[in-house]
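Coordinate inspection notes
Below are the chains, spelled out letter by letter.
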Amino acid sequence: MSLWGGRFSGSMDPDAWILNASILFDQRMARQDVTGSQAWAQQLQAIGVLNVEEYAAIHQGLEQIQSEFSQKTFVFQPGDEDIHSAVERRMYEIIGATAGKLHTGRSRNDQVATDFRLWLLDQIPEILKTIGQFQAQLITRAEMDMDLVMPAYTHLQRAQPVLLSHWWLSFFWALERDRQRLVFAQQECAVLPLGSGAVAGTSFPIDREALAAQLGFAKISRNSMDAVSDRDFAVQFVFDAVLCGVHLSRLAEQVVLFTSAEFGFFVLDDAFATGSSLMPQKKNSDVFELTRGKAGTMLGLLTGLLATLKGLPSTYDKDLQEDKQAVFQAFDILMAVLPVLTKAIATLRVNPARMAAAIDPSVYATDVADLLVKVGIPFRETHGLVGQAVRVAAGQAKGIQELSVEEWQAIIPGVTIDWQAVFSPQASIATRSVVGGTAPAAVLEQINTARRCLLV
Ligand code: ARG
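The following refers to the structure shown. (Residues numbered from 1 in each chain as written. Predicted model: local features only at pLDDT ≥ 70, side-chain atom pairs only at ≥ 80, totals over all residues. Heavy atoms only, no water.)

Of regular secondary structure, the protein possesses 19 helices and 6 strands. Taken against the 2.2 N^0.38 rule, which gives 23 Å for 456 residues, the C-alpha radius of gyration of the protein at 31 Å runs more than 25% over that of a compact globule. Its C-alpha atoms give the protein principal-axis dimensions of roughly 100 × 55 × 40 Å. Per-residue burial for the protein yields a buried fraction of 47% across its 456 residues. Taking the contacts inside the protein whose residues are at least 6 apart along the sequence as the reference set, 76% of them involve residues at least 24 apart. Roughly 21,400 Å² of accessible area belongs to the protein as shown, and the carbon and sulfur atoms make up 57% of that amount. (Helix = DSSP H or I, 4+ residues; strand = E, 2+ residues; numbered from the N terminus. Rg over C-alpha atoms; globule rule 2.2 N^0.38 Å. Buried < 20%, exposed > 50% of the residue type's maximum accessible area, 1.4 Å probe, protein only. Contact = heavy atoms within 4.5 Å. Areas by Shrake-Rupley, 256 points an atom, 1.4 Å probe, with all protein chains shown as cover.)

In structure tokens, the structure reads:
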């Protein structure tokens, strides 16, 4: 059953019909479509468009359809163009001609925007929960790995020693920002477009505030032309999902590196590793590589959605039908990746010896410079002096920890320091007790703060 056949004398080309139809993907909004229609029917009754019997019939028909959806007994027909027409077609089958009154004053343009927002409002809490579970796992790892020290890298060059826990938690905060962004995205979704009609606003005196309250929207849109074409909420969601994907990808990239023989910091559990069809010795980190790969796919979705929007003339254009694919796919990717990553992180084994061995004493150069500051030498000078020490040591093919007291004296005359005490990861880490630093007490405090974030 077509919703718009009246002015046509011929039927649509079958291939064009397939191109035009969105039922294959927008049926995910089935529940929201019925919910929106229930509220709309109630408002139509309130203004007398539906009498009591008509409203009761429509209400019951919609309830039946809703239960067919939830029991998966709803049968889509080849003529169902999209979820809105499928529901309307089924209404006719169940209640007959009264079904024709439900679409009074409404267009699929404001309907689809409403359904789409409702769908996101239903699903974002799922994502928030799943991100939260991953964050909780990061905290657990941080607690487990409090005794382990690794080199932190800048420019992928060994920089300074840090607790492995500090490294795990660095991703916690990135994901916490992702969660906050998604909370904001929820607010952006919570604006009701229904009542905007096709473009100019409905001509029936619908109480839009009541409609919004009934459907759980916090606000109503203020311009019908904007409301039927506004997809900022969808862009916002996809952006938030992509950025979360980018954060996961950066973590994944390092796990790939750290499980390589060259680093050897981590060992993958068999449950989250894959083999090679040709090379018997291989143990590959496909789960992490795919996490990295899917971030690229998600980025494509965001770019595609923005490209769809950029040249659109005002209000609804059919291009907008593409929006669902971007949102649904971004959602599906994150929901596929996050739970696997949560488990993969939990089972990752650390090789403390390889990590410790990677802390070559060059990473204490900053500590030495800082120590000299404490005996009164300006930092810019101490930086230069320690640089000289590194050069002298390198000239003898050794590390700065191997320079003798005399060699230090030659570089920094008159300063006596217990050099050897400086060259330990624990000593270095202990000095960084500032809030946000890697000293054990600061990291424990960080864990407490992180735990509190997850409570809200
Ligand atoms: N399936 C359409 C979509 O997803 C519904 C809106 C159709 N509106 C229209 N004027 N043809 O965007």
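Here the narrative resumes.
This next bit is on the pairing of strand β2 (residues 157–163). Both strand β1 (residues 149–154) and β2 contribute to a ladder of 6 bridges, which runs antiparallel. Considered in β2, the bridge of valine 149 is made with leucine 163. (Pairing = 2+ DSSP bridges.)

Before going further, it helps to spend a moment on the site of the ligand. Ser22, Asp26, Asp82, His84, Arg108, Asn109, Val112, Tyr316, Gln321 and Lys324 make up every residue found near the ligand. Within the side chain of lysine 324, one N or O atom sits 2.6 Å away from an oxygen atom of the ligand. If one sorts the elements of the shell around the ligand by residue count, helix α6 (residues 108–144) sits on top with 3 residues. Here the shell around the ligand is built from residues that sort into 2 nonpolar, 4 polar and 4 charged. (Near = heavy atom within 4 Å. Polar contact = N/O pair within 3.5 Å; in protein donor to acceptor, adjacent residues only side chain to side chain. Nonpolar A, V, L, I, M, F, W, Y, C, P; charged D, E, K, R; others polar.)

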